[in-house]
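One letter stands for each residue in the lines below.
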Amino acid sequence: MSQGLLNFGIKPGSRTGLRPVWEEPPTRAGLATKGVTLTLVCLAVLFPVWVVVVTSLSSVKTITETGGLVVIPRGVTFVHYQELLGGGQVARATLVSVGVTVVGTLFSMVVSVLCAYGLSRPGSVLHRPILLLIVATMFFGAGLIPTYLVVQGLGLTDTYLSLILPSALNVFNILVLRAFFMGTAQELIESARIDGAGDLLILWRIVMPLSRAVIAVITLFYAVGYWSAWFNASIYLSDPGMMPLQNVMQQLVIKQQKPTGLAQAINTGHLSPLAIQMAVMVLALLPVAVLSPFVQRHFKQGMLTGAVKG
Amino acid sequence: MAQSTTHARDTTERAPTGPVEAAPPAKKAPARVPLRHRLRRDRALLLMVLPALLLLLVFNYVPLIGNVVAFQDYDPYIADNAFQAMTQSPWIGIEHFRHMADDRLFWQAVRNTLAIFAIQLTLFFPLPIALALFINSFVRPRVRAVAQAILYLPHFFSWVLVITVFQQMFGGAGLVAQVLRDHGHEGFDLMTDPGLFKFLVTFEMVWKDAGWGVIVFLAALAAVSPDLYEASAMDGANRWRRMWHIQLPALRPVVALLLVLQVGNALTVGFEQILLQRTAVGPTASEVLDTYVWNTGLDNGNFGYGAAIGIVKGVFGLLMVLGANKAAHLMGEQGVYKR
C-alpha cells in the first residue's frame, strides 16, 4: 500500500522497485499492452452490469429517446424500484428470497460447522468411517428423479423447507472448514480442556473465533447458493406466490412476462417494461455484488485449505 | 454434560497404562481403550456430526435406494406417497435400459453433451491458466487486487442473472442488435440461434467463471520460490523462458487435478444454464443428458425412464473419474486421490 503512495508523482521507471533487481525492466510498449488488455478484460465484465444498472435507473423518456438500453446515465429516477418494491409479485419474491437465504444460510452453517468440528479432533472414535461416508457423496449423486421422489415422499413439496433441506449441505465446504479447524493450535484446545471446557465451548470460544476468515468465506458461499437457487423452487413449488426472486426474474426477463399489478402502468407508458426488467436484475445482483468484495481477501486462503486437504 | 465427557477422555486414555509401567507406549494407548468407552468419551463430537449425517443420509443415500424406480413401471398415482408408490409399482427389469438403446432423443442428448464438453475443454479450460499468468505478471498489489475483485464478481451471479444479462447484450432486443440497427444493419439474435448455441453456452461460462478459476492457479504461482526465477535469469532465461520452464511446470499438478475433475463431470455440462435456455433454441441443439432426464422424468412424468438414464449417466461419470485419475497417476501426477 505504502509503495503506491511513495511512488506518487515519480516517473514510471522507479516503480521497478517492486521487482527484484535481477529482473529486466519492462518496456514501455509491453506495459502499455498489458494495461490495455487488463482494462479491456475488466470492462468486459463490468460493462454489461453498468448498462443494466443505468437502464434500471432511467426514466421512460430517456429509454424511448435512446431506443432501448441506456449506456450514459441521464435523468436518474427510482420510480421503477418504487413500483416494484411497493408491493406485488416482485416485492413478495424478494422477501421470500431474503427469508430463505437468511434461514438457510444459518441452518447450513450451524450443521456444517458442528460436523466439521466433530470430525476435526484427531483420534476421535469413528471419525474415519464417517468422513468416508461424507466424502463418498462427492463422487456420485443419486440423480434428479430419485431425489425428487424422496423430497415428495417426505411431504416437503410446496413448503419452503424444500428450498433449504435438500441442498443444505455442501460437502466441499465441510471439508474446507474441517481442514481449517484442524489447524487450530492443539495447545490452546488442551489448555481449555484442562480448564474444564467441553467440546461445544471449545468450538464456540476458541476454534470459531480463530477461524473467522474461513467462516466468512463459507457463509458467503452458502448465502450465494441460496440466493441464486431457482431450480428447487421450479420443481418443488407449484404456487406462484411462493416463488423466490430468481424464478420471478426468469419469468419477467427470459419469458418476457409483465409483472402482475404493473401491467396497467406499463401499457399506459407510465413505466418502461425494459427498466422494470433491469430493476429486477439489479435486485438480484445487489446483495452478492455488495457482499463479495468484503470477503474477497479470504478466498485464496479458503480455497487453498480445501484444495490441499480435500 | 460436555464437561464430564472431556474428563472421561483424559482419564480413560491414561487408565490402561497406569503408573506401574515405566515407559508406556503412548502411540498405542488409544487402541486399547474399549470402543464402548471411546464412544462415551467422544459422544459430544458424535452428536455434533449427527445432523449433517442425517441430512446426507436422507438426501444423498436414501435417493440411491430410490433409484429402484429405474427397474419399475413406476406410477406416481398408485398411492398418495412416493415411498408407497415405489413399493407398489410393478417390476419390469431392465426394460427402460433396453429402450434407451434405440431412443433417438437419448443419443442426441449424448452427442450434444459430449460436443459441449469438448468445446468447453478447448475454449474454456485454458483461459483461467492464461489469465492467472497474466495477472501474476502485474507487480503492483493494488492493480492485482482490483483486477481480481472485478474478475471474481460474475461467479457470484446466478445463472438466471447471467443469462438475462446475455440476453440484454446479445438478444434480439439487446444492445448489440440495437447498435447494429442504429447503423442501418440487420439486427441479430445470438440467444435463439441453434447453430451457435454450444458456443454461446461456453461464452457464458467464460464470462461467469473464467475469473474465478484464476484463484487456484494464482495460489500455485505464489508458491513458486523466487530463487528459481533468479537462478534461471542468471542462466540467461528471459521472461517467456521463465514462464515455460518454471511457471507452467509449477501449475502442472493443479492442471492435472482440475482436468480429472473436469473429465469426471464431462456428462454434466451446465444443467441449470442449459435448462434455462432450452426453450429459446429448441431441444435439438440444446438437449443434454441432464435436461433429458428432467424432461422425460419430471416434465413428462416418466419417472422410471428418467431414473434409468440418470443411473447410466452416474455410472459412466464415475468410471470416467476413475479412468482420468488413473491416467493422471500414469503421467506421474497426484490426481484427486492418491495411488
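Values in this document were obtained by computation on a predicted structure and should not be read as measured data.

A few points about the overall build of chain A
- The helix and strand inventory of chain A stands at 17 helices and zero strands.
- Relative to the compact-globule value of 19 Å for 310 residues, chain A shows a C-alpha radius of gyration of 25 Å, a clear excess of over 25%.
- Expressed as lengths along the three principal axes of its C-alpha atoms, the size of chain A is roughly 75 × 70 × 35 Å.
- The proportion of buried residues among the 310 residues of chain A is 49%.
- Sequence-distant contacts, at least 24 apart, represent 71% of the contacts inside chain A between residues at least 6 apart.
- As displayed, chain A has an accessible area near 14,600 Å², and 68% of this comes from carbon and sulfur atoms.
- For chain A, the separation between the mean place of its 19 positive charges and that of its 10 negative charges on side chains is 9 Å.

A look at the nonpolar core
- One finds A:Leu149, A:Phe299 and B:Phe157 to be the most contacted residues of the largest nonpolar core, which totals 175 residues.
- Top contributing element to this core by residue count: helix H16 (residues 273-295) of chain A, with 13 residues.
- Counting five residues, the second-largest nonpolar core is a separate cluster that includes A:Trp22, B:Val224, B:Tyr229 and B:Ile246.

Brief notes about the confidence of the model for chain B
Residues and elements named next belong to chain B.
- Chain-level pLDDT for chain B is 85 on average; 89% of the residues reach the 70-or-more range.
- Across chain B, element-level confidence peaks in helix H8 (residues 126-136) with a mean pLDDT of 95 and bottoms out in helix H1 (residues 2-14) with 41.
- Below pLDDT 50 for its whole length, residues 1-26 participates in 31 contacts with residues either more than four positions away or in separate chains.
- The ipTM assigned to the predicted complex is 0.85, against a pTM of 0.86.

Some words on unusual backbone geometry
Residue and element names in this part refer to chain A.
- Phi is positive for Leu126, which is not a glycine, with a value near 65°.
- The topology assignment puts Leu126 in the loop between helix H5 (89-118) and helix H6 (127-136).
- Leu126 sits in the partly exposed class, given a relative accessible area of 39%.
- Within the chain, Asp158 stands out as a residue other than glycine whose phi angle is a positive 65°.
- Relative to the assigned elements, Asp158 resides in the loop between helix H7 (144-153) and helix H8 (161-164).

Quick look at the confidence of the model for chain A
All names here are of chain A.
- A residue-level look at chain A finds 91% of positions with pLDDT of 70 or above and a mean pLDDT of 85.
- Throughout residues 1-14 the model reports pLDDT below 50, and contacts reaching past four residues in sequence, or to other chains, amount to four contacts.
- Considering only residues more than four positions removed or in separate chains, one finds that residues 306-310, a stretch of pLDDT under 50, has six contacts.

Description of helix H12 (residues 197-222) of chain B
All names here are of chain B.
- Here H12 contains 26 residues, and its C-alpha end-to-end distance of 37 Å stays within 8% of the 38 Å for a straight helix at 1.5 Å per residue.
- The largest bend along H12 measures about 50° and falls at Asp209.
- Of all the 26 residues making up H12, 20 are buried; the element is thus mostly covered by neighbouring parts of the structure.

Comments concerning the interface of chain A and chain B
- With 99 residues of chain A at the contact, the number on the chain B side is 95 residues.
- A combined buried area of about 8,700 Å² lies between chain A and chain B, and 77% of that area is made up of carbon and sulfur atoms.
- Inspection of the region where chain A meets chain B yields two salt bridges.
- A salt bridge links B:Arg239 to A:Glu23; the nearest nitrogen and oxygen atoms lie 3.4 Å apart.
- Between the two partners, chain A and chain B, sit 13 residue pairs in polar contact (both at pLDDT 80 or more).
- Considering every element that reaches the side of chain A that touches chain B, the biggest residue donor is helix H2 (residues 28-56) of chain A, with 14 residues.

Focus: the packing of aromatic side chains
- As enumerated under the stated definition, the model contains 17 aromatic pairs over all chains in all.
- Between B:Phe106 and B:Trp107 the ring centres are 5.0 Å apart and the planes differ by 70°, which places this aromatic pair in the edge-to-face class.
- Within the aromatic cluster, the residues linked to one another by ring pairs are B:Phe157, B:Phe166, B:Phe170, B:Phe203 and B:Trp207.
- Its end group placed over the ring of B:Phe138, A:Lys34 keeps NZ or CZ at 4.7 Å from the ring centre.

Quick look at the UniProt feature "domain: ABC transmembrane type-1" (unreviewed entry) in chain B
- Here, the residues flagged by UniProt with the feature "domain: ABC transmembrane type-1" (unreviewed entry) are residues 110-324 of chain B.
- Helix and strand shares over residues 110-324 of chain B are 77% and 0% respectively, and the end C-alpha atoms of the span are 19 Å apart.

Side note on a nonpolar patch on the surface
- On the surface, A:Met138, A:Phe139, A:Phe172, B:Val315, B:Phe316, B:Leu318, B:Leu319 and B:Leu322 cluster together into a nonpolar patch covering about 680 Å² of accessible area.
- Among the elements that line the nonpolar patch, the one with the most residues is helix H18 (residues 303-330) of chain B, at five residues.
- Within the fold, A:Phe172 resides in helix H9 (residues 171-182).

Examining the side chain of A:Ser97
- Its place among the elements puts A:Ser97 in helix H5.
- Classification of A:Ser97 by relative accessible area gives buried; the value is 5%.

A few points about the environment of B:Arg41
- Mapped onto the secondary structure, B:Arg41 falls in helix H3 (residues 35-41).
- A polar atom in the side chain of B:Arg41 sits 3.3 Å from the backbone oxygen of A:Gly123.

Points about helix H12 (residues 212-228) of chain A
- Spanning 17 residues, H12(A) covers 24 Å between terminal C-alpha atoms, matching the ideal 24 Å at 1.5 Å per step.
- Across the 17 residues of H12(A), 13 count as buried, placing the element largely inside the fold.

A word on the UniProt feature "transmembrane region" (unreviewed entry) in chain A
- Annotation from UniProt places "transmembrane region" (unreviewed entry) at residues 36-57, 95-119, 131-151, 163-181 and 274-295 of chain A.
- Helix and strand shares over residues 36-57 of chain A are 95% and 0% respectively, and the end C-alpha atoms of the span are 30 Å apart.

Some words on the UniProt feature "transmembrane region" (unreviewed entry) in chain B
All names here are of chain B.
- When the UniProt feature table is mapped onto this chain, "transmembrane region" (unreviewed entry) is found at residues 44-62, 114-135, 156-180, 210-229, 250-271 and 303-324.
- Across residues 114-135, the secondary structure splits into 91% helix and 0% strand, with the terminal C-alpha atoms separated by 32 Å.
- The span residues 250-271 carries 73% helix and 0% strand; its end-to-end C-alpha distance comes to 33 Å.

Overview of the packing of H12(A) against H16(A)
Residue and element names in this part refer to chain A.
- Between H12 and H16, the shortest axis-to-axis distance is 11 Å and the interhelical angle comes to 170°. Overall, the two elements H12 and H16 adopt an arrangement that is roughly antiparallel. Within the contact between the two elements, H12 uses Ala216, Val217, Leu220, Val224 and Trp227 and H16 uses Leu283, Ala284, Pro287, Val288, Leu291, Ser292 and Val295.
- Counted by class, the contact of H12 with H16 contains 11 nonpolar, one polar and no charged residues.

Remarks on the pattern of salt bridges
Residue and element names in this part refer to chain A.
- The tally for this structure, following the rule as stated, stands at nine salt bridges over all chains.
- Salt-bridge contacts for Glu190 lead to Arg193; the nearest nitrogen and oxygen are separated by 4.0 Å. Remark: Arg193 and Glu190 occur in helix H10 (residues 186-194); sequence separation between them is three residues, near one turn of the helix.
- You can call Arg193 buried: its relative accessible area is 3%.

Reading the values: rules and limits
Residues numbered from 1 in each chain as written. Chains lettered and ligands numbered in written order. Predicted model: local features only at pLDDT ≥ 70, side-chain atom pairs only at ≥ 80, totals over all residues. Heavy atoms only, no water. Helix = DSSP H or I, 4+ residues; strand = E, 2+ residues; numbered from the N terminus. Rg over C-alpha atoms; globule rule 2.2 N^0.38 Å. Buried < 20%, exposed > 50% of the residue type's maximum accessible area, 1.4 Å probe, protein only. Contact = heavy atoms within 4.5 Å. Areas by Shrake-Rupley, 256 points an atom, 1.4 Å probe, with all protein chains shown as cover. Lys, Arg positive; Asp, Glu negative; His and termini not counted. Charge placed at Lys NZ, Arg CZ, Asp CG, Glu CD. Core = buried A, V, L, I, M, F, W, Y, C linked by side-chain atoms within 4.5 Å. pLDDT = per-residue confidence, 0-100. Expected span 1.5 Å × (residues − 1). Bend = angle between axes of the 7 residues up to and from the residue. Buried area = accessible area lost by both parts, 1.4 Å probe. Salt bridge = Lys/Arg side-chain N within 4 Å of Asp/Glu carboxyl O. Polar contact = N/O pair within 3.5 Å; in protein donor to acceptor, adjacent residues only side chain to side chain. Phe/Tyr/Trp six-rings, centres within 6.5 Å; stacked < 30°, edge-to-face > 60°. Lys NZ or Arg CZ within 6 Å of the ring centre and 35° of its normal. UniProt positions renumbered as here; feature names shortened; annotations may be inferred. Patch = residues over 30% accessible without salt bridge, like charges linked within 9 Å, V, L, I, M, F, W, Y side chains within 5 Å. Axes fitted to C-alpha atoms, helices over the stretch in contact; angles between N-to-C directions. Parallel < 35°, antiparallel > 145°, perpendicular 65-115°, else oblique. Nonpolar A, V, L, I, M, F, W, Y, C, P; charged D, E, K, R; others polar.

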